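Examination of the molecular architecture
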Amino acid sequence: MTPSLPDSPRDTEIRFGVTGMTCASCVGRVEKALSQVPGVRSASVNLATEMATVTTDGSTSAATLAAAVEKAGYGVAVEEISMAILGMTCASCVGRVEKALAKVPGVQSASVNLATETARVQVLAGTPHEALIAAISSAGYEVAPPADATEASHDGGTTAVDVTAAPSHAGPGHAGGRGSVRLATATTASPQALAAARERRHLLLAALLSLPLAVPMLGMLFDEHWALPGWWQFALATPVQFWLGARFYKAAWKAVRARTGNMDLLVALGTTAGYGLSVYHLLFTQPHHGEPPLYFEASAVIITLILMGKWLEARAKRQTTEAIRALQALRPATARVRHANGHEAEVPVASVRVGDHVVVLPGERFPVDGEVLEGRSHADESLISGESLPVAKEPGERVTGGAVNGEGRLVVRTLAVGAESALARIIRLVEDAQAKKAPIQRIVDRVSAVFVPVVIVIALATLLGWGFATGDWTVATLNAVAVLVIACPCALGLATPTAIMAGTGVAARAGILIKDAEALETTRHLRTVAFDKTGTLTAGRPELATLRAVQGDQGELLSLAAALQQGSEHPLARAVIAAASARGALPAPAEGITALQGRGLEGRVQGRRVLLGSERLMRELAVDLAALAAEGQAEAANGRSVSWLVTEDDGHLVLRGLLSFGDPPRPEATDAIRLLQAQGLRTVMVSGDNRGAAQAVAAAVGIPAQDVRAEVLPGDKADVVRALAVDGRVGMVGDGINDAPALAAADVGFAMGGGTDVAMHAAGITLMRSDPRLVADAIDISGRTTRKIHQNLFWAFVYNIVGIPLAAAGLLDPVVAGAAMALSSVSVVSNTLLLRRWSPRARH
């Protein structure tokens, strides 16, 4: 399709993919919906290419167009692009890059993280990536070039350009789906690593050149005058100012060209003013005796201190990302594959396919996710799940790529590799959480947008005020310099993202994966935590405890039950199949098996209708349970789940027997409930099981009887969670598919690591091992991280609120102001690093 040309130079053309269209009438509906959007001049849709071309007057955003298409009942193909940004120095830079990206046609949203130096941009599919790079360049920054890229897993470097595509809405006829294409990732010698080495060299040189200028300042404390001759000072200060400090001038010039400001502009203006004043006095002032008043030491020492601050800040920032780098380092580069003829060959992990048999020797890391076929051993999964003790592995057990094999030689059948492996998903979750902004960051962004212009105005007012008031323009200039160099936009920009990075990082090492910053911030506000019972508070591996047949034929009863349960993955079904196998009761052939949601199963066995389910189902079917009612009540009172089996004989449903299942509480469940209650939280159980079984488990773990919700159908769990929210924010803990609606309905959902992908997708927090104590740990790290954010913001604002007025009042020497500015970022990041000392209670 040849797109129409814009009607005028000010018009903007936006092209994007539309999903869900099936015929010409769909095209007409989409075109009509787009044409009705204010600011749209023309809209044409091509059914063959599924592309829409829209010409606007420049006032219409991509998000507005996407909303119009979705309202019409179709979907918009969306890409999420991640780029490494070079050259950002402070919070003002973040705002400038975001603003530049938002102006690109097709961009729906843009979020920039100063701590990770990355931009996440959501665009309509088809938006040229070159336009994004050009927008960043026009704002005065650079994107890490793809030419510098190899494989990120070698050193855990920052992604240069990474694209993930997904339809924003599954319209009619659209199957959905999600895929990702990695265009380029950072190299072993990444731009960030090269920049760090360069910063270290520049800092050492600046310190050596500034030291002779700074020593005389110490002599003044002892009434000694050790000042160097003026031209010596000039010779030492000039390379510091214009060579080692060139980075400030370059970034400042880019900011000026983009008609904005940043920290570098403040530093460049302040130090140039001090240096220029010294040069003026050196050339034109005729002192009565000795040297003219010179301030070369102030400008040189300020630059050196700021370089030191940036170097310390970079080191601290790398420490906040230590957890993600540790996870990335777990990826083995090769795997030992055993072929069908028995030959073993070492191949790159990327070439391993699902189903391949991989040999893992003692002490090696598992290169893939898989199932043990041969051998017995233990696996150290501490860096993946936070489990401190080795886990026994034998045939049939699952192993996770990145874990360390213990003492035995294992043969593993590959189940997942590459992006689908558990380790890759963990890394993606942590990276996504670290890249996203916390809600509180919006306040900081608004302050940062006006910070630098306001500081420049204050500095100018200080210069003019002191100059006209005292007539001493030297003092006026020095005070203005102090105002410029005390301003700390870096500390503001780093306060929130570094804390999020550190908090999510240590949480990941403990086996707690936090989906995003909003979940991290919300978790500390929870007032109620609701637990599913089976698989969450209990082990989730029930065993058949009792078998009671009305006619006494237990073998036939077990055979009928096993016939209905064949092929089911439900924990109770596995218990029945295991019991039938152990007792030699062969399942009879069954057909037409239907699941009765939350109540049981129905099918035909040898031509006869058979049902197996809960007492609720029996009541609905009006089945007479009198023959075994006493036994059923006794089993339920003992905390066992009871299922009833009936057959249809001569058009009537007849009770054939009951099966009861025991699923004891997890050993950690009691501690988990106690820890939450000690934090002042209300604990609730929401279970589909009978009230007797639910009450027994609740009593064993310490949940009050009045807080037990039993016999709740899967579809009603979300309603229970919403009802609990009347008393405050609610967290829901579950592991199964039937828990997903409740996890999504909760303010924060906790998916147990042994659970399903559906539950993990719906949850805000994933617990990598089935230990309910991790819920209390997640709430604890949420509170600690949020407190760090508040502390960091407090100190960042205090530096500026106190420092700028002191400097304007002439109470702050420029050198002291420079030191304070340099140390502000260091103190914020150092405070964040205290989070690394946190350890979960679930390890004790």
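Below or above, wherever it landed, is the structure these notes cover. Everything numeric in this text was worked out from a predicted model, so none of it was measured.

Definitions and cut-offs
Residues numbered from 1 in each chain as written. Predicted model: local features only at pLDDT ≥ 70, side-chain atom pairs only at ≥ 80, totals over all residues. Heavy atoms only, no water. Helix = DSSP H or I, 4+ residues; strand = E, 2+ residues; numbered from the N terminus. Expected span 1.5 Å × (residues − 1). Buried < 20%, exposed > 50% of the residue type's maximum accessible area, 1.4 Å probe, protein only. Phe/Tyr/Trp six-rings, centres within 6.5 Å; stacked < 30°, edge-to-face > 60°. Pairing = 2+ DSSP bridges. Contact = heavy atoms within 4.5 Å. Axes fitted to C-alpha atoms, helices over the stretch in contact; angles between N-to-C directions. Polar contact = N/O pair within 3.5 Å; in protein donor to acceptor, adjacent residues only side chain to side chain.

Our focus in this paragraph is helix H18 (residues 554-565). Since the α-helix turns once every 3.6 residues, residues separated by three or four places project in the same direction. With 12 residues, H18 extends 16 Å between its outermost C-alpha atoms, agreeing within 8% with the 16 Å of an ideal straight helix rising 1.5 Å per residue. Counting buried positions over the 12 residues of H18 gives 9, a clear majority of the element. Every buried residue of H18 is listed here: Leu557, Leu558, Ser559, Leu560, Ala561, Ala562, Ala563, Leu564 and Gln565. Remark: Gly567 follows H18 within two positions and exhibits a positive phi of approximately 85°.

Turning to the packing of aromatic side chains, a few remarks are in order. Within this structure, the stated rule accounts for 6 aromatic pairs. Relative to Phe234, the ring of Trp231 lies with its centre 5.6 Å away and its plane at 75°, an arrangement referred to as edge-to-face. Note that Trp231 and Phe234 are positioned in helix H6 (residues 230-244) at a spacing of 3 residues, about one turn of the helix. Here Phe234 falls in the partly exposed class, since its relative accessible area comes to 26%. Residues Phe468 and Trp473 carry aromatic rings whose centres are separated by 5.3 Å and whose planes lie at 80° to one another, so their mutual orientation is edge-to-face.

Moving on, we come to the sheet that holds strand S31 (residues 748-752). In space, the 7 strands of this open sheet follow the order S20-S32-S31-S30-S21-S28-S29, with mixed pairing throughout. Two strands close off the open sheet at either side, each with one partner strand: strand S20 (512-514) and strand S29 (708-709). Here helix H27 (residues 773-808) sits on the sheet and contacts S20, strand S21 (528-531), strand S30 (730-734), S31 and strand S32 (765-767); the angle it forms with S20, its principal contact strand, is near 50°.

Right, let's talk about the sheet that holds strand S18 (residues 404-405) for a bit. Pairing in this open sheet of 3 strands is antiparallel, and the strands run S16-S15-S18 from one edge to the other. Looking at strand neighbours, the two that pair on one side only are strand S16 (391-393) and S18, the edges of this open sheet. Sheet analysis places strand S15 (residues 377-380) next to S18, joined by 2 bridges and oriented antiparallel. Each residue of the ladder has a partner; that of Ala379, found in S18, is Asn405.

Glancing now at helix H14 (residues 473-486). Here H14 contains 14 residues, and its C-alpha end-to-end distance of 20 Å stays within 8% of the 20 Å for a straight helix at 1.5 Å per residue. Most of H14 sits out of view: 12 of its 14 residues are buried. Residues of H14 that are buried: Thr474, Ala476, Thr477, Leu478, Asn479, Ala480, Val481, Ala482, Val483, Leu484, Val485 and Ile486. With a side-chain oxygen lying 3.1 Å from the backbone nitrogen of Thr474, the N-terminal cap of H14 falls on Asp472.

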